[in-house]
Amino acid sequence: SQRGGCGTIEISAKCPKPRSLEAIASAILLASSSSSSSSSWILTMRSAWVMRSVAAGRPSTMTTAGLRRTYFATAHSRSQVAAGPGENKSWMLNLLGYYGAESTRLRNAESVFQTCVDQSSKKAWLTRGRVVNDFRPRHALLLAHVWLVHKRLLADGESGKLMQEAIFDLMWEDTSMRIRSMGINELSVNKNLSEVQKYSFPLLVAYDQAMALPTKVEREDHLGAASWRNLWMADANLTVEHCMEMAAYLNREHEALQNLDGEAFYEGRIPWGAVPSWTGIKSLVNESELGSGDAMLAEEAAVDAASDDDALGEWREALAVNGKRYWWHVKTRESRWEKPF
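This is a predicted model, so every value here is computed, not measured.

Peer 1: Give me the side chain of H242: which residues, what numbers.
Peer 2: Mapped onto the fold, H242 is located in helix α12 (residues 240-258). We classify H242 as buried; its relative accessible area is 0%. Here S283 takes part through its side chain, which lies 2.8 Å from a polar atom of the side chain of H242.

Peer 1: Can you tell me about the nonpolar core, naming the residues and giving the values?
Peer 2: Within the largest apolar cluster, 58 residues are counted, with the highest numbers of intra-cluster contacts made by V149 and I167. With eleven residues, helix α8 (residues 135-153) is the largest single contributor of residues to this core. The contact partners of V149, leaving out residues within four places of it in the chain, are V112, C116, I167, L257, F265, I270 and W272.

Peer 1: Please give an account of the confidence of the model for the chain that cites residues and values.
Peer 2: Overall, the prediction assigns the chain a mean pLDDT of 75, with 67% of residues at 70 or greater. Mean pLDDT in the chain bottoms out at helix α3 (residues 48-55), which sits at 35, and peaks at α8, which reaches 97. Predicted confidence for residues 31-86 stays below pLDDT 50, and this span has 135 contacts to residues more than four positions away or in other chains. This stretch, residues 304-310, has a pLDDT under 50; its non-local contacts, to residues over four places away or in other chains, come to ten contacts.

Peer 1: So what about the sheet that holds strand β3 (residues 335-336)? Which residues, and what values?
Peer 2: Note: strands within a sheet are paired through backbone hydrogen bonds, in either parallel or antiparallel orientation. Spatial ordering of the open sheet is given by β1-β2-β3, a layout of three strands whose pairing is antiparallel. Edge positions in the sheet fall to β1 (315-319) and β3, since each has one partner strand and no second. In this structure, β1 lies alongside strand β2 (residues 325-329), joined through five bridges in antiparallel fashion. Along β2, the bridge assignment pairs W315 with H329.

Peer 1: Explain unusual backbone geometry to me, and be specific about the residues and the numbers.
Peer 2: We note that R130 has phi near 60°; this positive angle belongs to a residue other than glycine. Here R130 shows up in the loop between α7 (101-120) and α8. Although it is not a glycine, W278 sits at a positive phi angle of roughly 55°. Looking at the element boundaries, W278 is found in the loop between α13 (262-266) and α14 (292-305). Residue W278 is classed as buried on the basis of its relative accessible area of 5%.

Peer 1: Before we move on, can you summarise the packing of aromatic side chains with the specific residues and values?
Peer 2: Taken as a whole, this structure holds six aromatic pairs when the rule is applied. With 4.9 Å between their ring centres and 40° between their planes, W147 and Y207 make a pair best called tilted. Of this pair, W147 sits in helix α8 while Y207 sits in helix α10 (residues 189-211); the two residues are 60 residues apart in sequence, bridging distant segments of the chain. For the pair shown, W147 and Y207 are each scored as buried. On the numbers, 6.0 Å between centres and 80° between planes, the contact of Y326 with W337 is edge-to-face. Taken together, the residues span a long stretch of sequence, with Y326 in strand β2 and W337 in the segment after β3 at a distance of eleven residues. Exposure remark for W337: the relative accessible area of 19% places this residue in the buried category. Taken together, the ring pairs connect W125, Y249 and W278 into an aromatic cluster. Between R136 and the ring centre of Y199, over which it is positioned, the NZ or CZ distance is 3.9 Å. Its end group placed over the ring of W337, K324 keeps NZ or CZ at 4.4 Å from the ring centre.

So, how was this worked out
Residues numbered from 1 in each chain as written. Predicted model: local features only at pLDDT ≥ 70, side-chain atom pairs only at ≥ 80, totals over all residues. Heavy atoms only, no water. Helix = DSSP H or I, 4+ residues; strand = E, 2+ residues; numbered from the N terminus. Buried < 20%, exposed > 50% of the residue type's maximum accessible area, 1.4 Å probe, protein only. Polar contact = N/O pair within 3.5 Å; in protein donor to acceptor, adjacent residues only side chain to side chain. Core = buried A, V, L, I, M, F, W, Y, C linked by side-chain atoms within 4.5 Å. Contact = heavy atoms within 4.5 Å. pLDDT = per-residue confidence, 0-100. Pairing = 2+ DSSP bridges. Phe/Tyr/Trp six-rings, centres within 6.5 Å; stacked < 30°, edge-to-face > 60°. Lys NZ or Arg CZ within 6 Å of the ring centre and 35° of its normal.

Written out as structure tokens, the structure reads:
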């Protein structure tokens, strides 16, 4: 049945026969559990066989990484972390290591990383923020939010270090999928990933150096310069004031994360601030150089400024590990290859 070994995910093929004790236990657990929890449990099992059996219910080329991204994108809203003192633990999940330190850390890392993806995916960055919708600027935008999370984790000692490693692993995995989505040959993916890392690490160092400066004015001045070089690719027609709005945003979010409750942070319940409004700011040095594309961008920015840039909608865009784009629903976790809206 649809709620059999594949949980509640829509299936297009029968699940393969269990080949291990862990797979058998997982299948029994799913068959007897409610539809609201079955997919949650199976998607957090570490068994590669179990993950592949769930993948059978996705479009034919959907793989483990894509499934994990789809599930964990909503994990922070449901606080899918280790069971608290008063919470009943499932003996089966406990047996499979679901509540273990490493398993919990990986779930938390997925939740935190997804908040960075969500925040950097808001349309406002592209419209009124004037970030070009190309690979490198979009990557720099995601990296800026991952860096903010990294700075928060520095104060947490060894546990923070392990969490950082997990989050950066997810980011490079996500980067590889975005590289594949551009049609890059699989044999060249690692080469291109190395190129991305070559300009990613200097950006992180620049942000670190900026935050080490003694005064707020100096910090924001250097944050703005780093953002101008990486987010806007040193666009000479962009004003200093426009870049400084981004610098103020980074400084503000850094302070907010440092003061955020640890439990909320690790569960991925990060209350990111609003995207800068850039209202009253002259963004371009020479407005007369606006082309037709810039005029359309300005019109979109005006509409976007009057709307809620936090409204990402219930359908989200994501990438499978092969780089193919798909859409998934945050509540039902249904996935489709075709754009549903």
